[in-house]
Structure formats: structure tokens, C-alpha cells
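Understanding the architecture of this molecule
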Amino acid sequence: MQSPSRTILIGGTLGAALTAPVMAAAAPATMDVTITIPQLKVAEYHRPYVAIWVEKAGAPAKTVAVWYDYDMKGNEGTKWLRDVRQWWRASGRTMTFPANGITGATRAPGAQKISFSRAQLGATAAGDYTLVIEAAREVGGRELLRIPFTWPAKAGVGGRAAGKAELGAVTVAFR
């Protein structure tokens, strides 16, 4: 026969063990971003250069992805990065290219899904952040979208924005 105190102790330990996975699931560690690049009907189409970064009031901007022609001879693709103007002013001009872990090729029209960990986002402290996506295209225009989010985020909850020319729908979700 077990004593009541022992039963309560075991039940309490088991209850804590069962709720631990639920608590871990409540704090997402990954942001999924889907960016739609529209197919434009123009005489001369070029894939856009895209920069994605995170802003937090009082902190420097954190670049998480840059899509450009990084494989051009003599690193020539970098000379047009300054056309992604807001990003260039926020953090691009201080970077060395290709940037390890964030440089990627320009993307074709369609939905492009990328994921970022909390560390990649620089979301180490709780608070309000803004995910910024900017696109610029040769013989085209430029467009900037901002999607605010709060960290720590709730699983599944995110944000969305829709571009009008260089970017299509952008969605954010957390898991």
C-alpha cells in the first residue's frame, strides 16, 4: 500500500512531464515566409533582387536573406544591390558579399517559401518586430512590404501583406 504523499508526488511529477511538451509547442521557434513573385507581362523581364530583414525599435536591422545574381563574373551582381534602396540604407551597405547563410539566387515567378529560426531573425528578446521585404527589378520598379509581428509568437499566427507590382502576396506563419 502506498502512502498518499507518495501518490501526490508521483502524480505531480507525471503532470509536469505531460505538460512540458505542450509548453514547448506554445513557443514557436521558426518563422515560415511565403513570398509570391508575380509573372509580369513586359517586353524585357528580369528577376527581382529581393532583400528580407527584421527591424526592432532601438536595434540595428538584421538581414536574413538577399536574393541577387551572386554568381556573375567578378561579383558584378553586387553593383545593383544598392537599387534595393531601403535595405541598402538599413544594413546592406555595411555587408560583405556573398554573405554566408543569407545570399541566394534570384527567384523565378511563383510562390517562394523560406524559413527562419529565431536566432536567424535576431528575435532574442521579447517585443514587437517588423519583417520587411523589398524587391527591385532591372527595367522595372521597386516595392517594399512591412509585416509586424510580436515575439514570442503564437503557433500558426502570423501576418500578411500584398504587393501591387514587384511583389505579390506575402504570408508569415510560426511553428
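Residues numbered from 1 in each chain as written. Predicted model: local features only at pLDDT ≥ 70, side-chain atom pairs only at ≥ 80, totals over all residues. Heavy atoms only, no water.

1. Focus: the overall build of the chain
A tally of regular secondary structure across the chain gives three helices and nine strands. Overall, the chain shows an N-to-C arrangement of helices and strands of α-β-β-β-α-β-β-α-β-β-β-β. Within the chain, the fraction of its 175 residues that count as buried is 36%. Put simply, 64% of the contacts in the chain that link residues at least 6 apart link residues at least 24 apart. With an accessible surface of roughly 10100 Å², the chain has 56% of that area assigned to carbon and sulfur atoms. (Helix = DSSP H or I, 4+ residues; strand = E, 2+ residues; numbered from the N terminus. Buried < 20%, exposed > 50% of the residue type's maximum accessible area, 1.4 Å probe, protein only. Contact = heavy atoms within 4.5 Å. Areas by Shrake-Rupley, 256 points an atom, 1.4 Å probe, with all protein chains shown as cover.)

2. Brief notes about the packing of aromatic side chains
Evaluated as defined, the whole model comprises eight aromatic pairs. Considering the side-chain rings of Tyr68 and Phe97, the 5.7 Å spacing of their centres and the 80 degrees angle between planes classify their relative orientation as edge-to-face. Taken together, the residues Tyr68 in the loop between β3 (62-67) and α2 (85-90) and Phe97 in the loop between α2 and β4 (103-104) connect sequence positions 29 residues apart. Three or more aromatic residues joined by ring pairs make a cluster, and in this case those are Tyr49, Tyr68, Tyr70, Trp87, Trp88 and Phe97. We note Lys56 situated over the ring of Tyr129; from NZ or CZ to the ring centre the distance is 5.4 Å. Between Arg107 and the ring centre of Trp67, over which it is positioned, the NZ or CZ distance is 4.2 Å. (Phe/Tyr/Trp six-rings, centres within 6.5 Å; stacked < 30°, edge-to-face > 60°. Lys NZ or Arg CZ within 6 Å of the ring centre and 35° of its normal.)

3. Brief notes about the pairing of strand β1 (residues 30-37)
Here is the key point about a regular strand: its side chains alternate between the two faces of the sheet. Summarising burial for β1: six of the eight residues are buried, a large majority. Of the pairings in the sheet, the one linking β1 to strand β5 (residues 110-117) comprises eight bridges and is antiparallel in character. Each residue of the ladder has a partner; that of Asp32, found in β5, is Ser115. As paired strands, β1 and strand β9 (residues 169-174) are joined by five bridges and run antiparallel to one another. Bridge assignment links Asp32 to a residue of β9, and that residue is Ala173. (Pairing = 2+ DSSP bridges.)

4. A look at the sheet that holds β9
Across the sheet, which stays open at both edges, the four strands sit in the order β5-β1-β9-β8 with antiparallel pairing between neighbours. The two strands at the open ends of the sheet, each matched to only one other strand, are β5 and β8 (159-162). Each adjacent strand pair in this sheet contributes to an overall mean axis angle of 15 degrees, direction not counted. Judged from the four bridges that link them, β8 and β9 form a sheet pairing that is antiparallel. If you follow Gly159 over to β9, its bridge partner there is Val172. (Axes fitted to C-alpha atoms, helices over the stretch in contact; angles between N-to-C directions.)

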